[in-house]
Amino acid sequence: MASDLPTRQSSLSARLFRAAREVIPGGVNSPVRAFRNVDGEPFFVRRARGSRIEDVDGRSMIDYIGTWGPAILGHAPTVITNTVHEVAKDGLSFGIPNPFEVEMARLIVDWVPSVEKVRMVNSGTEATMSAIRLARGFTGRDKIIKFEGHYHGHVDSLLVAAGSGALTHGEPDSAGIPRSFAAETIALPFNIPERIEEAFAKFGDEIAAVILEPFAANAGFVLPHEGYLQLLRDLTARHGALLIFDEVMTGFRLARGGVQELTGVTPDLTALGKVIGGGLPVGAFGGRADIMDHLAPDGPVYQAGTLSGNPVAMAAGLAQLRELEKNNGYARLDAAGRRLEDGLRKLIDEKGLPYRLNRVGSMFCLFFGDAEIVNVDSVQQGDFEAFKQFFWKCLERGVYVAPSPYETGFLSLAHSDSDIDETLEVFSHALDR
Ligand code: KE4
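The notes below deal with the structure included here. (Residues numbered from 1 in each chain as written. Predicted model: local features only at pLDDT ≥ 70, side-chain atom pairs only at ≥ 80, totals over all residues. Heavy atoms only, no water.)

## A look at the site of the ligand
Under the convention used in this document: Here a residue is near a molecule or strand as soon as one of its heavy atoms is found within 4 Å of it. Here a polar contact means two N or O atoms within 3.5 Å. Within protein one must be a hydrogen donor candidate and the other an acceptor candidate, and residues neighboring in sequence count only if both atoms are side-chain atoms. We get accessible surface area from the Shrake-Rupley algorithm with a probe of 1.4 Å; when it comes to residues, only the shown protein chains can shield them. The domain boundaries here were taken from an automatic or database domain assignment.
Near the ligand you find 16 residues, and of these Ser30, Thr125, Asn218, Asp246 and Glu407 are the closest. One nitrogen or oxygen atom from the side chain of Ser30 is found 2.6 Å from an oxygen atom belonging to the ligand. Here Glu407 contributes a side-chain N or O atom positioned 2.8 Å from a nitrogen atom of the ligand. Calculation on the ligand without its partners gives an accessible area of 550 Å², and the protein chains cover 86% of this total. For the shell around the ligand, the two domains that each supply at least three residues are domain 1 (2-76 + 338-430) and domain 2 (78-325).

Below, the structure written as structure tokens:
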């Protein structure tokens, strides 16, 4: 680190954050950016390219967040920036169908096994919100099952925690959500078969859908136990409920067809986002045609969006997805993830640290505790003080990991072997107490 860099307080980031707080709630447009989980203040980014971001004070860092998933090729890849520049010359938004929408829908249908029809939206939240409404409209049922620690965006009926009578109804997980909304959502612990079996035994024919992150990435990176996804598939099919995979994080990141391709478990509906937009605001939801045809204008379930299918965002997403598929992108992402994992496992073994590490492809999470990672309860047993120290020591040495122990790290195709080796050097220092 250059010693002439401004101190944190006098930095331009600090001045910008003070100015931001005067006009933006919490100084941020999304809470996780406020660095509250690491008791600090955020830096502001001036530019980003490849595996690195540069803050407004000129500090360069290797980025393991990639704008929370979308930057799978790395930041500002020319294949996307050139496309955006070219397409934007012909118009930014029409509110009228454009050819890029058809190309994107066809690509999603070709890549994601369970998706026969798809509707574009502008965020992951819109995707899950619309999928839930569609499931309720299609089944004529009201109850939804979700899992504690799984995040599906800020949807009223999904910002719900396990209620006191956990099995009967949920409790709002945010102010501003009527208890009546939460009452129709049941929040269960992930990876505990008995609990989901009990819920279906009690409410089977009232349940419209089960929604989950099949590989859960919003409580650290928590994987389903063997057979658990198939159990959810069997129970929902048996009781006429829909199975919704929220693959906003994992879709197009872990494989062309996401987790459903990796596991062979096929949902009825899938929510998508992040990678699909190449860094521009895009979400999507899709699935069985007989379900999707219940959407307006053909069907009774209303769903809409001024900027949905926006030509510039569609073109950016298509450029990213096609580039990703070329040059063996998924195999290269997995090789980068393997290099980081092997190096990190070696470090925690050498240092005798009782930490756990989960990694699939380019997604990873280091858990600062030795509890077996079953669900969010296990993650909460971690040593968050140790995590916080690790975060700031990494940042001071030029590596940006998620500012929360409840997040997942991401590699991109721009992370070189030397980036990863440099990161492991930094991790080695940052793991020392
Ligand atoms: P957005 O509305 O933020 O585009 O997507 C919501 C969403 C839905 N489903 C899953 C599985 C998600 O991970 C997300 C959003 N992820 C967070 C990262 N943990 C976005 C970061 C943020 O909230 O600023």
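## Comments concerning empty space enclosed by the protein
This is how it is decided: A 1.4 Å probe that fits into a set of points on a 1 Å grid over the protein atoms alone but cannot get out defines a cavity; an open set with protein on both sides within 12 Å along at least five of seven lines defines a pocket, and lining residues are those with an atom within 4 Å of a point. Grid points are joined across faces, edges and corners, and a volume is the space filled by probe spheres set on the points. Numbering goes from the N terminus for both helices and strands, where a helix is a DSSP run of H or I of at least four residues and a strand is a run of E of at least two. Each residue is assigned to one of three groups, with Ala, Val, Leu, Ile, Met, Phe, Trp, Tyr, Cys and Pro labelled nonpolar, Asp, Glu, Lys and Arg labelled charged, and all others, Gly among them, labelled polar.
For the structure shown, the criterion picks out four cavities of 30 Å³ or more. The computed volume of the largest cavity comes to approximately 170 Å³. Lining the largest cavity are 16 residues, with Phe364, Cys365, Leu366, Phe387 and Val401 positioned closest to its centre. Elements represented by at least two residues in the lining of the largest cavity include exactly strand E14 (363-367) and helix H13 (384-396). With three residues, the top contributor of residues to the lining of the largest cavity is E14. Looking at the lining of the largest cavity, its residues break down into twelve nonpolar, three polar and one charged. Lining the second largest cavity we find 14 residues, and of these Phe367, Phe368, Val379, Gly382 and Phe384 sit closest to its centre.

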